[in-house]
Amino acid sequence: LRYLWHNFIPYRMARTLMAYRVIARARHIVSVSPYVTRHLRRYMLYRGPGTVIPNGLPESAFVTSPPPAQKTDHLTLATILVGWGNYKNGAVAIRAFARLRERRPDLRLLMFGGGHGPGEAAEAWARSNGLAEGIEFVGQMPYADLMRRIESEVDVVVNPALVETHSMALIEAMARRIPVVGGAHSGAVPWTLAFGEAGLLADIRSPASVAEALGRYIESPALRQEF
């Protein structure tokens, strides 16, 4: 229902109706996070037994030794978002980055995922608002290539999404020992980040709050290494 709230289109309406139909007949439901379990019970009227099994990653995804506090000549932030607008909320990440570059013009931001490539919606929005400086709009790319770039170039990942059930972008970054920032009220994100013990939480609707969290990482190599 939260996805529908943030993306009120016929496709989402149909998906929600399908969900009610399936859940009404379900005998046992497996969820990827406690947040989903609570949502199903509170809003989808599910009353049967439930189990939480988080999204997983193969052992090959896990980096065994800590990376350097800074991987390239320029401290690099990244977003990994599928689609522009609505609940993915990429505009807030761009606005937060613009604030940070006022103090640190050497920063760069890589934006991965559909809608974030050259000439696509994210770049068009950033340029129309005069906020494209320092951003590489990478867009969609093969998964293995994406992970190689994340591992070799990115120092901090920020996920500005308004709602997540258990974010693959966050756990893929953490498996590679990359510090992360997520939304304090973005569905299961606080649980995924162990309520702040595994990554910094911010008011993801506020560019100032996101910039503050990112700024803590930027100004402290020791904090990046700790996370």
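Per chain, residues are indexed from 1 in the order of the written sequence. With the structure being a predicted model, the display of local features is reserved for residues of pLDDT at least 70 and the display and counting of side-chain atom pairs for 80 or more, all residues being used for whole-chain, interface and lining totals. Only hydrogens and water are set aside; all other atoms, that is, all heavy atoms of the structure, feed into the side-chain values.

Asks: Is there a simple way to think about the overall build of the protein in this case?
Replies: Of the regular secondary structure elements, the protein holds ten helices and eight strands. Against the 2.2 N^0.38 benchmark of 17 Å for 227 residues, the protein shows a C-alpha radius of gyration of 18 Å, consistent with a compact globule. Its C-alpha atoms put the protein at 55 × 40 × 30 Å along the principal axes. For every residue, the accessible area (1.4 Å probe, protein chains only) is compared with the maximum for its type, and the residue is labelled buried under 20%, exposed over 50%, or partly exposed between those bounds. Within the protein, the proportion of its 227 residues that are buried is 49%. For the protein, the share of sequence-separated contacts (at least 6 apart) that also reach a separation of at least 24 residues comes to 63%. Here the open area of atoms and residues is found with the Shrake-Rupley method and a 1.4 Å probe, where only the protein chains shown may cover a residue. Accessible surface, the protein: about 11500 Å² in total, of which carbon and sulfur atoms supply 55%. The centroid of the 26 positive side-chain charges in the protein is displaced by 13 Å from the centroid of its 19 negative side-chain charges. By definition, any uninterrupted DSSP run of H or I lasting at least four residues is a helix, any uninterrupted run of E lasting at least two residues is a strand, and each is numbered from the N terminus. For the radius of gyration, the atom set is restricted to C-alpha positions; the globular benchmark scales as 2.2 Å times the number of residues to the power 0.38. Whether two residues are in contact is decided by their heavy atoms: any pair within 4.5 Å suffices. The charge count includes Lys and Arg as positive and Asp and Glu as negative, but it does not include His or the ends of the chains. All charge positions are set by atom: Lys at NZ, Arg at CZ, Asp at CG, Glu at CD.

Asks: Even after reading the chapter, I still don't get the nonpolar core, so can you show me in this structure?
Replies: The nonpolar side chains of a soluble globular protein tend to be buried with one another. Within the largest apolar cluster, 41 residues are counted, with the highest numbers of intra-cluster contacts made by L77, V181, V210 and L214. The residues touching L77, leaving out its near neighbours within four places in the chain, are F97, L100, R108, L109, L110, V154, V156, L214 and I218. Residues grouped as a nonpolar core are buried Ala, Val, Leu, Ile, Met, Phe, Trp, Tyr and Cys residues, joined through side-chain atoms within 4.5 Å. Counting 17 residues, the second-largest nonpolar core is a separate cluster that includes M147, I150, A173 and V189.

Asks: Quick question: what am I supposed to make of the sheet that holds strand β3 (residues 76-80) here?
Replies: Within a beta sheet, neighbouring strands are joined by backbone hydrogen bonds and run either parallel or antiparallel to one another. Pairing within the open sheet is parallel, and its six strands lie in the order β5-β4-β3-β6-β7-β8. Each edge of the sheet is formed by a strand with only one pairing partner; in this case those strands are β5 (135-139) and β8 (200-202). The mean inter-strand angle of the sheet, taken between neighbouring strand axes irrespective of direction, is 25°. Bridge analysis of β3 against strand β6 (residues 156-158) gives two bridges, and the strand direction is parallel. When the sheet's bridge partners are listed, A78 is paired in β6 with V157. Angles run from 0 to 180 degrees between N-to-C directions of axes, and those axes are lines fitted to C-alpha atoms, restricted for helices to the stretch in contact. Sheet strands touched by helix α7 (residues 168-175): β3, β6 and β7 (180-183). Its angle to β7, the strand with the most contacts, is close to 160°. Against the sheet, helix α9 (residues 207-219) engages β3, β6, β7 and β8, with an angle of about 160° to β8. The criterion for strand pairing is that DSSP finds at least two bridges linking the strands in question.

Asks: Before we go on, may I ask you to explain the packing of helix α4 (residues 90-103) against α9 in this structure?
Replies: Each packed pair of helices is defined by two parameters, the angle between the axes and the distance between the axes. Between α4 and α9, the shortest axis-to-axis distance is 8 Å and the interhelical angle comes to 50°. Viewed along their axes, α4 and α9 adopt a mutual orientation that is oblique. Handedness of the α4/α9 crossing: right-handed. Counted together, V92, R95, A96, R99, L100 and R103 of α4 and P207, A208, V210, A211, L214, G215, I218 and E219 of α9 form the full contact between these two elements. Gly is put with the polar residues, along with every residue not named as nonpolar or charged; the nonpolar set is Ala, Val, Leu, Ile, Met, Phe, Trp, Tyr, Cys and Pro, and the charged set is Asp, Glu, Lys and Arg. Considering only residue class, the contact of α4 with α9 consists of nine nonpolar, one polar and four charged. Put simply, angles under 35 degrees are roughly parallel, angles over 145 are roughly antiparallel, angles from 65 to 115 are roughly perpendicular, and the rest are oblique. By convention, the crossing between two helices is left-handed when the near helix turns anticlockwise from the far helix through less than a right angle, and right-handed when the turn is clockwise.

Asks: Honestly, the pattern of salt bridges in this entry has me stumped. Any pointers?
Replies: Think of it this way: side chains of opposite charge can pair up when their charged atoms draw near. Here, a salt bridge means any Lys or Arg side-chain nitrogen found within 4 Å of an Asp or Glu carboxyl oxygen. This model, assessed by the stated rule, comprises nine salt bridges. Here R108 and E153 are joined by a salt bridge, their closest N and O atoms 2.7 Å apart. Pair noted here: R108 is in strand β4 (residues 108-112) and E153 is in helix α6 (residues 143-153), with a separation of 45 residues, a long-range link. The exposure class assigned to E153 is buried, which follows from its relative accessible area of 15%.

Asks: It is not clear to me how the packing of α4 against helix α5 (residues 121-128) should be interpreted in this structure. Could you clarify?
Replies: With their axes 11 Å apart at the nearest point, α4 and α5 run at an angle of 45° to one another. Here α4 is positioned oblique relative to α5, judged by the angle of their axes. Between α4 and α5 lies a crossing whose hand is right-handed. Along the contact surface, α4 presents A91, I94 and R95, while α5 presents A122, W125 and A126. Residue classes in the contact of α4 with α5 are distributed as five nonpolar, no polar and one charged.

Asks: Would you mind showing me how to read α4 here?
Replies: Along an α-helix, a turn takes 3.6 residues, which lines up residues three or four apart on a common side. Taken together, the buried positions of α4 are occupied by G90, V92, A93, I94, A96, F97, A98, L100 and R101. Those residues of α4 hidden inside the fold are in contact with β3, β4, α5, β5 and α9.

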